[in-house]
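# Results of the structural survey
Here is what each chain is made of, one letter per residue.
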Amino acid sequence: MNIQTMLGRLMAVAALLVFAISCDSSDNNNPELDLIPINSVTVDGYTVSLEATNELEIGANQLFWKIKQGDDTITPQNFIISPIMDMATMSHSTPFDQPETDAIDDSYLSNLAVFIMPSGDMGSWTINFEFTTQSGSDISGEMPVNVNSSWKIMNTEDSNGKKYFVTWFEPQRPMSGNNDLTFLVHTRETMMNFPAVSDAELIVYPYMDMGGGTGHSTPFTPPVATGNGFYEGDINYSMSGLWTTTVELVVENDTLPEMVFEYSVIAK
Ligand SMILES: [Cu+2]
(Lines give C-alpha, C1' and ligand atoms only; values in the text may rest on other atoms or scores of the structure.)
Protein backbone atom coordinates (compact mmCIF):
# COMPACT_ATOMS: atom_id res chain seq x y z
CA MET A 1 0.00 0.00 0.00
CA ASN A 2 1.50 3.37 -0.94
CA ILE A 3 1.40 6.40 1.26
CA GLN A 4 -1.42 8.04 -0.74
CA THR A 5 -3.74 5.06 -0.35
CA MET A 6 -2.96 4.92 3.35
CA LEU A 7 -3.67 8.63 3.77
CA GLY A 8 -6.84 8.22 1.77
CA ARG A 9 -8.01 5.38 3.97
CA LEU A 10 -7.12 7.28 7.13
CA MET A 11 -9.08 10.29 5.91
CA ALA A 12 -12.04 8.10 5.06
CA VAL A 13 -11.95 6.66 8.57
CA ALA A 14 -11.59 10.17 10.06
CA ALA A 15 -14.54 11.41 8.00
CA LEU A 16 -16.62 8.48 9.20
CA LEU A 17 -15.67 9.23 12.79
CA VAL A 18 -16.56 12.91 12.45
CA PHE A 19 -19.84 11.91 10.85
CA ALA A 20 -20.59 9.47 13.65
CA ILE A 21 -19.78 12.05 16.33
CA SER A 22 -21.74 14.89 14.74
CA CYS A 23 -24.63 12.50 14.14
CA ASP A 24 -24.59 11.60 17.81
CA SER A 25 -24.41 15.18 19.05
CA SER A 26 -27.29 16.29 16.83
CA ASP A 27 -29.45 13.76 18.65
CA ASN A 28 -32.75 15.03 20.01
CA ASN A 29 -31.71 14.43 23.60
CA ASN A 30 -28.77 16.80 23.21
CA PRO A 31 -29.30 18.71 26.45
CA GLU A 32 -29.51 22.47 26.41
CA LEU A 33 -30.77 24.75 29.15
CA ASP A 34 -33.84 26.81 28.35
CA LEU A 35 -34.14 29.22 31.26
CA ILE A 36 -36.14 32.28 32.28
CA PRO A 37 -34.95 34.92 34.75
CA ILE A 38 -36.49 34.71 38.24
CA ASN A 39 -34.70 37.50 40.10
CA SER A 40 -31.29 39.09 40.58
CA VAL A 41 -29.64 40.97 43.43
CA THR A 42 -26.47 43.09 43.37
CA VAL A 43 -24.26 43.19 46.48
CA ASP A 44 -20.84 44.96 46.62
CA GLY A 45 -20.58 44.94 42.80
CA TYR A 46 -21.49 41.25 42.44
CA THR A 47 -24.77 40.39 40.74
CA VAL A 48 -26.34 37.09 41.74
CA SER A 49 -28.99 35.93 39.25
CA LEU A 50 -31.48 33.14 39.67
CA GLU A 51 -32.96 31.43 36.62
CA ALA A 52 -35.24 28.43 36.21
CA THR A 53 -37.02 26.50 33.48
CA ASN A 54 -40.40 27.85 34.66
CA GLU A 55 -41.72 30.27 37.24
CA LEU A 56 -41.14 28.81 40.70
CA GLU A 57 -43.99 26.73 42.10
CA ILE A 58 -44.65 24.43 45.03
CA GLY A 59 -43.11 21.03 44.36
CA ALA A 60 -39.75 20.43 42.67
CA ASN A 61 -37.78 23.25 41.00
CA GLN A 62 -34.28 23.20 39.53
CA LEU A 63 -32.61 26.51 40.43
CA PHE A 64 -29.79 27.91 38.26
CA TRP A 65 -27.45 30.51 39.77
CA LYS A 66 -24.98 32.79 38.03
CA ILE A 67 -22.65 35.29 39.70
CA LYS A 68 -21.26 38.21 37.72
CA GLN A 69 -18.83 40.99 38.47
CA GLY A 70 -19.66 43.53 35.77
CA ASP A 71 -19.93 41.49 32.55
CA ASP A 72 -17.73 38.65 33.80
CA THR A 73 -19.18 35.46 35.19
CA ILE A 74 -17.16 34.56 38.26
CA THR A 75 -16.62 31.21 39.96
CA PRO A 76 -16.75 31.63 43.73
CA GLN A 77 -14.86 29.37 46.17
CA ASN A 78 -18.24 28.30 47.53
CA PHE A 79 -21.90 29.27 47.24
CA ILE A 80 -24.43 28.47 49.94
CA ILE A 81 -28.15 29.16 49.95
CA SER A 82 -30.90 29.02 52.55
CA PRO A 83 -34.56 29.41 51.50
CA ILE A 84 -36.78 30.84 54.25
CA MET A 85 -40.50 31.46 54.35
CA ASP A 86 -41.48 34.27 56.66
CA MET A 87 -44.92 33.71 58.13
CA ALA A 88 -46.82 35.84 60.67
CA THR A 89 -45.75 33.95 63.78
CA MET A 90 -42.87 31.77 62.59
CA SER A 91 -40.51 31.07 59.74
CA HIS A 92 -39.45 27.81 58.13
CA SER A 93 -37.30 26.43 55.38
CA THR A 94 -38.09 23.74 52.79
CA PRO A 95 -36.36 20.66 51.31
CA PHE A 96 -33.42 21.74 49.13
CA ASP A 97 -29.89 20.82 48.05
CA GLN A 98 -26.92 23.18 48.00
CA PRO A 99 -25.94 24.45 44.51
CA GLU A 100 -23.13 22.73 42.64
CA THR A 101 -21.58 23.36 39.22
CA ASP A 102 -24.25 22.52 36.67
CA ALA A 103 -23.58 19.38 34.61
CA ILE A 104 -24.90 20.87 31.34
CA ASP A 105 -23.62 24.45 31.57
CA ASP A 106 -20.75 25.04 33.97
CA SER A 107 -21.29 28.80 33.99
CA TYR A 108 -24.20 28.00 36.34
CA LEU A 109 -24.45 26.51 39.79
CA SER A 110 -27.65 24.50 40.12
CA ASN A 111 -29.68 22.78 42.81
CA LEU A 112 -33.03 21.18 43.49
CA ALA A 113 -35.48 23.02 45.74
CA VAL A 114 -38.85 21.60 46.76
CA PHE A 115 -41.10 24.44 47.91
CA ILE A 116 -43.74 23.25 50.38
CA MET A 117 -45.93 26.38 50.46
CA PRO A 118 -46.88 29.05 47.91
CA SER A 119 -46.18 32.75 48.43
CA GLY A 120 -49.25 34.73 49.43
CA ASP A 121 -51.15 36.14 52.39
CA MET A 122 -49.71 33.40 54.60
CA GLY A 123 -46.11 34.42 54.04
CA SER A 124 -43.29 35.22 51.64
CA TRP A 125 -40.14 33.44 50.48
CA THR A 126 -36.58 34.72 50.54
CA ILE A 127 -33.48 32.81 49.46
CA ASN A 128 -30.48 33.91 51.53
CA PHE A 129 -27.13 33.35 49.86
CA GLU A 130 -23.46 33.69 50.74
CA PHE A 131 -20.27 33.07 48.83
CA THR A 132 -16.53 33.64 49.00
CA THR A 133 -14.82 35.08 45.92
CA GLN A 134 -11.49 33.75 44.62
CA SER A 135 -9.84 36.80 46.20
CA GLY A 136 -11.37 35.89 49.57
CA SER A 137 -14.18 38.44 49.93
CA ASP A 138 -17.24 37.14 51.76
CA ILE A 139 -20.46 38.31 50.15
CA SER A 140 -23.97 37.67 51.43
CA GLY A 141 -27.40 38.81 50.41
CA GLU A 142 -31.04 37.89 50.17
CA MET A 143 -33.28 37.37 47.19
CA PRO A 144 -37.08 37.53 47.47
CA VAL A 145 -38.78 34.98 45.22
CA ASN A 146 -42.38 34.30 44.31
CA VAL A 147 -43.61 30.70 44.56
CA ASN A 148 -46.83 29.84 42.73
CA SER A 149 -49.33 27.15 43.66
CA SER A 150 -49.35 23.81 41.85
CA TRP A 151 -50.82 20.32 42.25
CA LYS A 152 -47.38 18.71 42.50
CA ILE A 153 -46.86 18.39 46.27
CA MET A 154 -48.98 16.86 49.05
CA ASN A 155 -48.31 16.11 52.68
CA THR A 156 -49.35 13.62 55.31
CA GLU A 157 -48.32 12.86 58.88
CA ASP A 158 -47.75 9.90 61.16
CA SER A 159 -49.52 9.28 64.49
CA ASN A 160 -46.88 11.40 66.28
CA GLY A 161 -47.61 14.36 64.03
CA LYS A 162 -44.35 13.99 62.08
CA LYS A 163 -44.92 15.51 58.66
CA TYR A 164 -44.01 13.92 55.33
CA PHE A 165 -44.00 15.70 51.97
CA VAL A 166 -44.52 13.78 48.75
CA THR A 167 -43.56 15.63 45.57
CA TRP A 168 -44.70 14.64 42.11
CA PHE A 169 -41.38 14.91 40.24
CA GLU A 170 -42.17 13.31 36.87
CA PRO A 171 -43.99 13.61 34.55
CA GLN A 172 -44.02 17.41 34.83
CA ARG A 173 -46.52 17.41 31.93
CA PRO A 174 -48.36 14.09 31.97
CA MET A 175 -49.11 12.85 28.44
CA SER A 176 -51.12 9.91 27.15
CA GLY A 177 -48.86 6.92 26.61
CA ASN A 178 -45.77 6.06 28.58
CA ASN A 179 -44.25 8.46 31.15
CA ASP A 180 -41.61 8.14 33.84
CA LEU A 181 -43.38 8.26 37.21
CA THR A 182 -41.08 9.73 39.85
CA PHE A 183 -41.82 10.95 43.36
CA LEU A 184 -39.66 12.63 45.99
CA VAL A 185 -40.24 12.10 49.72
CA HIS A 186 -39.05 14.41 52.50
CA THR A 187 -39.84 14.70 56.16
CA ARG A 188 -39.68 17.60 58.60
CA GLU A 189 -37.12 17.14 61.37
CA THR A 190 -37.31 20.78 62.43
CA MET A 191 -38.70 23.93 60.82
CA MET A 192 -35.27 24.41 59.22
CA ASN A 193 -34.40 20.81 58.32
CA PHE A 194 -36.32 18.71 55.79
CA PRO A 195 -34.23 15.62 54.98
CA ALA A 196 -34.97 13.19 52.14
CA VAL A 197 -36.62 9.88 53.09
CA SER A 198 -35.25 6.96 51.08
CA ASP A 199 -36.51 3.97 53.09
CA ALA A 200 -40.27 4.44 52.72
CA GLU A 201 -42.61 2.53 50.44
CA LEU A 202 -45.09 4.18 48.08
CA ILE A 203 -48.40 2.57 47.22
CA VAL A 204 -49.81 4.41 44.22
CA TYR A 205 -53.10 4.00 42.40
CA PRO A 206 -53.94 5.98 39.24
CA TYR A 207 -57.62 6.32 38.46
CA MET A 208 -59.81 8.01 35.86
CA ASP A 209 -63.37 8.74 36.84
CA MET A 210 -65.57 8.20 33.77
CA GLY A 211 -68.71 9.49 35.48
CA GLY A 212 -71.89 7.59 36.34
CA GLY A 213 -70.03 5.55 38.92
CA THR A 214 -67.60 4.02 36.45
CA GLY A 215 -63.88 4.50 36.05
CA HIS A 216 -60.64 2.70 35.36
CA SER A 217 -56.96 2.57 36.18
CA THR A 218 -54.08 2.19 33.72
CA PRO A 219 -50.88 0.11 33.51
CA PHE A 220 -48.02 1.33 35.70
CA THR A 221 -44.85 0.15 37.43
CA PRO A 222 -44.88 1.01 41.15
CA PRO A 223 -42.15 3.53 42.04
CA VAL A 224 -39.27 2.10 44.09
CA ALA A 225 -36.60 3.93 46.10
CA THR A 226 -33.49 4.89 44.14
CA GLY A 227 -31.83 7.05 46.83
CA ASN A 228 -31.83 10.72 47.89
CA GLY A 229 -35.59 10.58 48.45
CA PHE A 230 -36.36 9.58 44.83
CA TYR A 231 -38.86 6.81 43.95
CA GLU A 232 -38.95 5.80 40.30
CA GLY A 233 -41.44 3.83 38.24
CA ASP A 234 -43.45 4.46 35.10
CA ILE A 235 -47.02 4.88 33.98
CA ASN A 236 -48.81 4.37 30.69
CA TYR A 237 -51.91 6.58 30.53
CA SER A 238 -54.55 4.90 28.41
CA MET A 239 -56.53 8.14 28.01
CA SER A 240 -56.04 11.89 28.20
CA GLY A 241 -58.23 13.92 30.56
CA LEU A 242 -58.60 14.30 34.31
CA TRP A 243 -56.80 11.71 36.45
CA THR A 244 -56.16 11.19 40.12
CA THR A 245 -53.28 9.28 41.65
CA THR A 246 -53.69 8.17 45.24
CA VAL A 247 -50.43 7.80 47.14
CA GLU A 248 -50.03 6.02 50.44
CA LEU A 249 -46.72 6.33 52.21
CA VAL A 250 -45.57 3.38 54.30
CA VAL A 251 -42.97 4.39 56.89
CA GLU A 252 -41.65 1.83 59.38
CA ASN A 253 -44.62 -0.48 58.66
CA ASP A 254 -47.03 2.38 59.30
CA THR A 255 -49.37 3.28 56.44
CA LEU A 256 -49.94 7.04 56.67
CA PRO A 257 -53.18 8.79 55.60
CA GLU A 258 -53.46 8.80 51.80
CA MET A 259 -52.80 11.77 49.52
CA VAL A 260 -54.54 12.34 46.20
CA PHE A 261 -52.81 14.09 43.31
CA GLU A 262 -55.30 15.46 40.78
CA TYR A 263 -54.12 16.54 37.34
CA SER A 264 -54.76 16.59 33.61
CA VAL A 265 -53.15 14.24 31.14
CA ILE A 266 -52.80 15.81 27.71
CA ALA A 267 -53.21 13.91 24.45
CA LYS A 268 -49.90 13.08 22.79
CU1 LIG B 1 -45.01 28.70 55.17
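First, a word on what this report is: a plain description of the structure on this page.

As a further point, take the overall build of the chain. What the chain contains, in helices and strands, is 1 helix and 20 strands. Taken across its 268 residues, the chain has 39% of its residues classed as buried. At a minimum sequence separation of 6, the contacts of the chain that also span at least 24 residues come to 55%.

Turning our attention to the pairing of strand β9 (residues 123-132). Of all 10 residues making up β9, 7 are buried, and the element is well covered by its neighbours. Looking at chain direction, strand β5 (residues 78-87) and β9 are connected through 10 bridges and run antiparallel. Residue pairing in the sheet places isoleucine 80 in a bridge with glutamate 130 of β9. For β9 and strand β10 (residues 138-145), the ladder comprises 8 bridges, and the chain directions are antiparallel. By the bridge assignment, asparagine 128 is partnered in β10 with glutamate 142. Hairpin remark: β9 followed by β10, antiparallel, with 5 residues in the connecting loop; positive phi at glycine 136, about 95°.

With respect to topology, 5 strands assemble into an open sheet ordered β11-β12-β13-β17-β16, the strand pairing being antiparallel. At either end of the open sheet lies a strand with only one pairing partner, and these are β11 (153-157) and β16 (220-227). Strand after strand, the sheet turns through a mean of 25° between neighbouring axes, direction not considered. Two elements, β11 and strand β12 (residues 163-170), share 5 bridges in a ladder whose sense is antiparallel. Residue threonine 156 lies in a different strand from β12, and its bridge partner there is tyrosine 164.

Before going further, it helps to examine the sheet that holds β9. Reading across the sheet, the 4 strands line up as β6-β5-β9-β10 and stay open at both edges, with antiparallel pairing between neighbours. Single-partner strands in this sheet number two, and they are β6 (91-92) and β10.

The next thing to look at is the coordination of the copper ion. Distances from the copper ion to its protein donors, namely Met85 (SD), Met87 (SD), His92 (NE2) and Met117 (SD), fall within the range 2.0 to 2.3 Å. Each of the 4 donor atoms around the copper ion contributes to a set of angles spanning 100 to 116°, which defines the coordination as tetrahedral. The sequence pattern formed by the donor residues of the copper ion is M-x1-M-x4-H-x24-M. With methionine 87 in strand β5 and methionine 117 in the loop between β8 (109-115) and β9, the pair connects residues that are 30 residues apart, well separated along the chain. Grouping residues by exposure puts methionine 87 and methionine 117 together as buried.

All right, on to the pairing of strand β1 (residues 36-43) then. Here β1 runs beside strand β2 (residues 46-52); their pairing, made up of 7 bridges, is antiparallel. Residue pairing across strands places isoleucine 36 opposite alanine 52, the latter belonging to β2. With antiparallel pairing between neighbouring strands as the criterion, β1 and β2 make up a hairpin whose turn holds 2 residues, including aspartate 44 at a positive phi of roughly 50°.

Membership of the largest hydrophobic core comes to 37 residues, with the highest contact counts inside it found for Trp65, Phe79, Phe129 and Phe131. Counting residues per element, the ones that place at least two in this core are β1, β2, β3 (59-69), β5, β8, β9 and β10. For this core, the element with the highest residue contribution is β8, accounting for 5 residues. Each of domain 1 (36-145) and domain 2 (153-265) accounts for three or more of the residues forming this core. Setting aside residues up to four positions removed in sequence, tryptophan 65 forms contacts with Val48, Ser49, Leu50, Phe79, Ile81, Pro99, Ser107, Tyr108, Leu109, Asn111, Ile127 and Met143. Within the second largest apolar cluster, 23 residues are counted, among which are Tyr164, Val197, Leu202 and Met259.

A word on the packing of aromatic side chains. With the rule as written, the count across this model stands at 18 aromatic pairs. On the basis of an interplanar angle of 20° and a centroid distance of 6.5 Å, the ring pair of phenylalanine 129 and phenylalanine 131 is categorised as stacked. Every member of this aromatic cluster is reached through a ring pair, and the members are Trp151, Trp168, Phe183, Tyr237, Trp243, Phe261 and Tyr263. Looking at lysine 66, its charged tip hangs above the ring of tyrosine 108, at a distance of 4.2 Å from the centre.

Conventions adopted
Residues numbered from 1 in each chain as written. Predicted model: local features only at pLDDT ≥ 70, side-chain atom pairs only at ≥ 80, totals over all residues. Heavy atoms only, no water. Helix = DSSP H or I, 4+ residues; strand = E, 2+ residues; numbered from the N terminus. Buried < 20%, exposed > 50% of the residue type's maximum accessible area, 1.4 Å probe, protein only. Contact = heavy atoms within 4.5 Å. Pairing = 2+ DSSP bridges. Axes fitted to C-alpha atoms, helices over the stretch in contact; angles between N-to-C directions. Donors = N, O, S within 2.8 Å, 3.2 Å for Na, K, Ca; no water. Tetrahedral: all angles 85-135°; square planar, octahedral: opposite > 155°, others 65-115°. Core = buried A, V, L, I, M, F, W, Y, C linked by side-chain atoms within 4.5 Å. Domains from an automatic or database assignment. Phe/Tyr/Trp six-rings, centres within 6.5 Å; stacked < 30°, edge-to-face > 60°. Lys NZ or Arg CZ within 6 Å of the ring centre and 35° of its normal.

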